[in-house]
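Survey of secondary and tertiary structure
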Amino acid sequence: MTQKEPRGAHAPRSPISCSVPGGTGAVRAALGEAVASRARPALAPSQSRCRHHVAACLDHLLATRDHVAAADPPELAAAALRAALDQLGELTGAVYTNDLLDRIFSRFCIGK
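Heads up: these notes are all about the structure in this document.

A few words now on the overall build of the chain. For the chain, the helix and strand inventory stands at four helices and zero strands. If you list the helices and strands of the chain from N to C, you get α-α-α-α. Every one of the 112 residues in the chain was classed for burial, and the buried ones make up 11%. Expressed as a percentage of contacts within the chain between residues at least 6 apart in sequence, the contacts between residues at least 24 apart total 34%.

Quick look at the structure:
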């Protein structure tokens with residue numbers, strides 16, 4: 001019985017230094033290449049509702065980044081991140097809004 005080698009055992013090594021400006025460049029480049037090599041084509045949202053949620057999520061993520069970069073109070077970044085998660089939840093159906101429930105039940109005749 002042979003033992004499996006740990007995942008990534010043969011991955012190339014990159015030098016890194018957190019104390020030298022630009023010392024993480026090689027690692028960042030290696031990570032970028034690794035992600036790009038494993039990337040699959042994105043699933044394009046086919047409905048405008050899906051596109052809306054993806055765009056709104058991205059806007060909230062950018063706002064989160066801006067809050068962090070500006071050293072704003074962490075509550076602002078947390079609120080923006082929560083808003084991004086809510087958009088993903090609405091997209092996947094994990095978050096039920098009144099608007100969504102109204103659209104679903106408007107097609108049914110309940111109680112007649």
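On the surface, Leu58, Leu61, Leu62, Leu81, Leu85 and Leu88 cluster together into a nonpolar patch covering about 480 Å² of accessible area. Tracing the backbone through its elements, the reader meets Leu62 in helix α2 (residues 48–69).

Bringing helix α1 (residues 25–38) into the picture now. With 14 residues, α1 should reach 20 Å at 1.5 Å per residue; the first-to-last C-alpha distance of 20 Å fits that figure. Burial within α1 is sparse, with just zero of its 14 residues counted as buried.

Attention now moves to the environment of Ala63. When you line up the elements, Ala63 lands in helix α2. According to the relative accessible area criterion, Ala63 is partly exposed, its value standing at 27%. Along the primary structure Ala63 and Ala84 are separated by 21 residues, whereas in three dimensions their C-alpha atoms are 9.5 Å apart.

Turning to the side chain of Thr64, a few remarks are in order. Looking at where Thr64 falls in the secondary structure, it is placed in helix α2. With relative accessibility at 12%, the residue Thr64 sits in the buried group. Here Leu81 takes part through its backbone nitrogen, which lies 3.2 Å from a polar atom of the side chain of Thr64. Setting aside chain neighbours within four positions, we find Thr64 in contact with Ala77, Ala80 and Leu81.

Criteria and cut-off values
Residues numbered from 1 in each chain as written. Predicted model: local features only at pLDDT ≥ 70, side-chain atom pairs only at ≥ 80, totals over all residues. Heavy atoms only, no water. Helix = DSSP H or I, 4+ residues; strand = E, 2+ residues; numbered from the N terminus. Buried < 20%, exposed > 50% of the residue type's maximum accessible area, 1.4 Å probe, protein only. Contact = heavy atoms within 4.5 Å. Patch = residues over 30% accessible without salt bridge, like charges linked within 9 Å, V, L, I, M, F, W, Y side chains within 5 Å. Areas by Shrake-Rupley, 256 points an atom, 1.4 Å probe, with all protein chains shown as cover. Salt bridge = Lys/Arg side-chain N within 4 Å of Asp/Glu carboxyl O. Expected span 1.5 Å × (residues − 1). Polar contact = N/O pair within 3.5 Å; in protein donor to acceptor, adjacent residues only side chain to side chain.

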